[in-house]
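# Analysis of the macromolecular model
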Amino acid sequence: MQGTMRHAALVERDRNGKAAGLRTLVLVALSAVSVLVLAAPAFAAKQRDFPAGFQWGTAIAGFQTEAGQGRDVDAGSDWYAWSHDPGNVADGTVSGDLIENGPGFLVRHRGDIKLASRRLGLNAFRMGIEWSRVFPTSTQGVHGLKGLDRIADQRAVKRYRRILRRVRKAGMTPWVTINHFSLPTWIHDPVAARAALGTLGPEEEVPPFARSGWLSRDTIAEFRKYAGYLAWKLGDEVDRWITLNEPMVVAVSGYVNIPGVVEGNFPPGAWSYPGVISVILNMADANTAAYKAVKRRDPGSRVGFVHNMVAFTPSDPAREADVRGTEHAEYLFDRLFMNAAVRGIRDTDADGVIDAGERRRKSANKADFVGLNYYFRGRITGLGAPLTGRIPLLDFLPSTVYATPTNPGGAPCPSTCSEFGWELYPQGFRDVLGIAGSYGLPVIVTENGISDSNDDQRAAYLTSHLRAMRQAMRKDDVDVRGYFHWSLVDNFEWAEGYRQRFGLFSYDPATLRRTIRPSARLYAKVARSGRVP
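For every chain, the first residue of the written sequence is number 1, and numbering continues from 1 along that sequence. Local features in a predicted model are, by the rule used here, given only for residues with pLDDT of at least 70; side-chain atom pairs are given and counted only at 80 or more, and totals for whole chains, interfaces and linings are based on all residues. Values reported for side chains reflect all heavy atoms of the structure, with hydrogen atoms and water molecules removed beforehand.

## A word on helix α14 (residues 426-437)
Helix numbering and strand numbering both begin at the N terminus, where a helix is a DSSP run of H or I of at least 4 residues and a strand a DSSP run of E of at least 2. Each helix should span, by expectation, one fewer than its residue count multiplied by 1.5 Å. An ideal rise of 1.5 Å per residue puts 16 Å on 12 residues; α14 measures up with 17 Å between its terminal C-alpha atoms. Buried residues are those whose accessible area, probed at 1.4 Å on protein chains only, stays under 20% of the maximum for their type, while exposed residues exceed 50% and partly exposed ones sit between those limits. Within the span of α14, buried status applies to G428, F429, R430, V432, L433, I435 and A436. Only heavy atoms matter for contacts: two residues are in contact if any of them lie within 4.5 Å across the pair. In this fold, the buried residues of α14 make contact with β5 (302-314), α13 (320-343), β6 (369-382), β8 (443-447), α15 (458-474) and β9 (480-485).

Here it is as structure tokens:
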């Protein structure tokens, strides 16, 4: 009996032990599951190539997109006058295409906002406001916000407000460009300016003349008024302001048009070495003035500028003149304006030597972020001597555009080029991000894209450039906080008209109907996941 009872006790203990062991295993398993579940967000975050909250967007500009079907045409812009000028059309300075046939953003903006927010899953939207629409008549002699308010086109102001409100309602942050190339004709008559500058040699000082655009210091004063007015009227809808878009493109493409060598064909299509330096310095001062004006009226906002950079490399790395010319090209095009806007260094003679009088502390730190636009590589051939004593470092010739169907006389592409004839160079993107990041400010990639009507290059372009950006952030410690693809929809590409197709969506000029390109789905996937395939 005792043996039987002892055996029963042992069995009971064994059962209790097994039950306890089973309970322990269950508890351990549940604990492990809990740890995995709780750790899932952190684990998922590690899998992202870009941080949560990173700004993903597309970029458009007012003059390039607003008109369509012959409606909403802004005839008060210098680019309207330039693109419609019969002489420019006849000699091929411009394409002859008309903004009247554009994508019609003003009438289609609701649908475009939905394409960006819902179809692509973006959280940011870059757009421009046209100076000539807000102030179709001169602001010279008008002072104070109420005075400006009396002469502003309130219909245009209200329309921009509605668009901005819809962008925000769609869950996207508006990034607003105050000036994207075009100027009101009351401040710049490009055809008359071309005629005035055409009487001068490239070395001659430019005398004052009416409606001379960025050649005049008066433009800075009017730009300050315009920027402050926008901040006053629209600041409650905008947290991110961009003062100027690509000032170096405005200066170089407008004032260094050397026949048969370099021809950017921007208004006023001049060749003036004193002119180009004046424009660069005036636009740097305009950035300072606009920054202060916006901060005064919208103090909680962040204000920066957009700078186009080219990845310059020597045509022959073994040739000293090419290497030295590359250093000078980088300084003049990539750093000269940046130095003025961020560090207050105004290299007035563009010689790379900074004298005491060229440092202005009051002009320094007039940017909360740097907007970077990047598209292509520039191969540099050194000349061994400057083209002009006015710009001592201009001792090189750049190669940036190669043969295309519309430019059959160009040099053959040395590697892979876009339909624009621009050489694709993802490593260069990482390189210029490093330059932009060296100024100690957050960097926003405000434009990056490719002209690709058949959409057979864009996916690879996107992937390779986003990988280069990821490397710049991870390995070079560049503080990149956003990426905007150029562009949402095909648009008017300045002197090229509609020949270049940068859009993630195409459009029908007759109906304005948008059609998605396959590469847009790739971008949407990246924006939603934060990962590059």
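So, next bit.
## Structural notes on the confidence of the model for the protein chain
One confidence number per residue, pLDDT, is output by the predictor and ranges from 0 to 100. Mean pLDDT over the protein chain: 93, with 91% of residues reaching 70 or higher. Note on residues 1-45: pLDDT is under 50 here. Beyond four places in sequence and across chains, it has zero contacts.

## Quick notes on the pattern of salt bridges
A side-chain nitrogen of Lys or Arg and a carboxyl oxygen of Asp or Glu constitute a salt bridge if their distance falls within 4 Å. Taken as a whole, this structure holds 29 salt bridges when the rule is applied. One salt-bridge network, in which partners are shared between bridges, spans R161, R165, R168, D236, E237 and D239.

## Regarding the state of the cysteines
Two cysteine sulfur atoms make up a disulfide if the distance between them is within 2.5 Å. If you walk through the whole model with that rule in mind, you get one disulfide. Here C413 connects covalently by a disulfide to C417, the sulfurs 2.1 Å from one another. On the sign convention where negative means left-handed, the S-S torsion of about 90° between C413 and C417 marks this disulfide as right-handed.

## A closer look at the nonpolar core
As a rule of thumb, soluble globular proteins bury nonpolar side chains together. Core analysis: the biggest nonpolar cluster contains 155 residues, and W56, W241, F429, M469 and Y483 have the highest contact counts within it. Broken down by element, the residue count for this core peaks at 13 residues, all from helix α12 (residues 273-297). When residues no more than four places from it in sequence are discounted, the contact partners of Y483 are F54, Q55, W56, G57, F429, V445, N448, L462, L466, M469 and Y523. What is meant by a nonpolar core is a set of buried Ala, Val, Leu, Ile, Met, Phe, Trp, Tyr and Cys residues, joined one to another through side-chain atoms within 4.5 Å.

## Concerning the packing of helix α8 (residues 154-169) against helix α10 (residues 218-234)
Simply put, an axis is a line fit to the C-alpha atoms, just over the touching stretch for a helix, and the angle between two N-to-C directions goes from 0 to 180 degrees. Closest axis-to-axis distance for the α8/α10 pair is 11 Å, and the angle between their directions is 60°. Our classification of the angle between α8 and α10 gives oblique. Crossing angle aside, the handedness with which α8 passes α10 is right-handed. Packed against α8, whose contacting residues are Q154, V157, Y160, R161 and L164, the element α10 presents Y229, K233 and L234 at the interface. Any angle that falls under 35 degrees is termed roughly parallel, while one over 145 is termed roughly antiparallel, one within 65 to 115 roughly perpendicular, and all others oblique. Crossing handedness: left-handed means the near helix sits turned counterclockwise from the far one by under a right angle, and right-handed means the same turn made clockwise.

## Focus on the packing of aromatic side chains
Two aromatic rings are characterised by how far apart their centres lie and by the angle between their planes. Stacked, tilted and edge-to-face are the three classes assigned to paired rings of Phe, Tyr and Trp, where Trp is represented by its six-membered ring and a pair needs centres within 6.5 Å; plane angles under 30 degrees give stacked, over 60 edge-to-face, the rest tilted. Tallied over the full model, the rule gives 35 aromatic pairs. A ring pair is formed by F181 and F266, whose centres lie 5.2 Å apart and whose planes are at 80°; its orientation type is edge-to-face. Taken as a pair, F181 in the loop between β3 (173-179) and α9 (190-198) and F266 in the loop between α11 (247-255) and α12 lie far apart in primary sequence, 85 residues in all. With respect to burial, F181 and F266 carry one shared label: buried. Where F492 meets Y498, the ring centres are 5.4 Å apart and the plane angle is 75°; that geometry is what we call edge-to-face. Here the aromatic residues W131, F135, W186, W214, F223, Y226, Y229 and W232 are joined through ring pairs into a cluster of three or more. Here, a charge over a ring is recorded when the distance from Lys NZ or Arg CZ to the ring centre is within 6 Å and its angle to the ring normal is within 35 degrees. A cation over a ring is seen here: K233 above W232, with NZ or CZ 5.5 Å from the ring centre. Positioned above the aromatic ring of Y425, the side-chain terminus of R377 is 4.0 Å from the ring centre.

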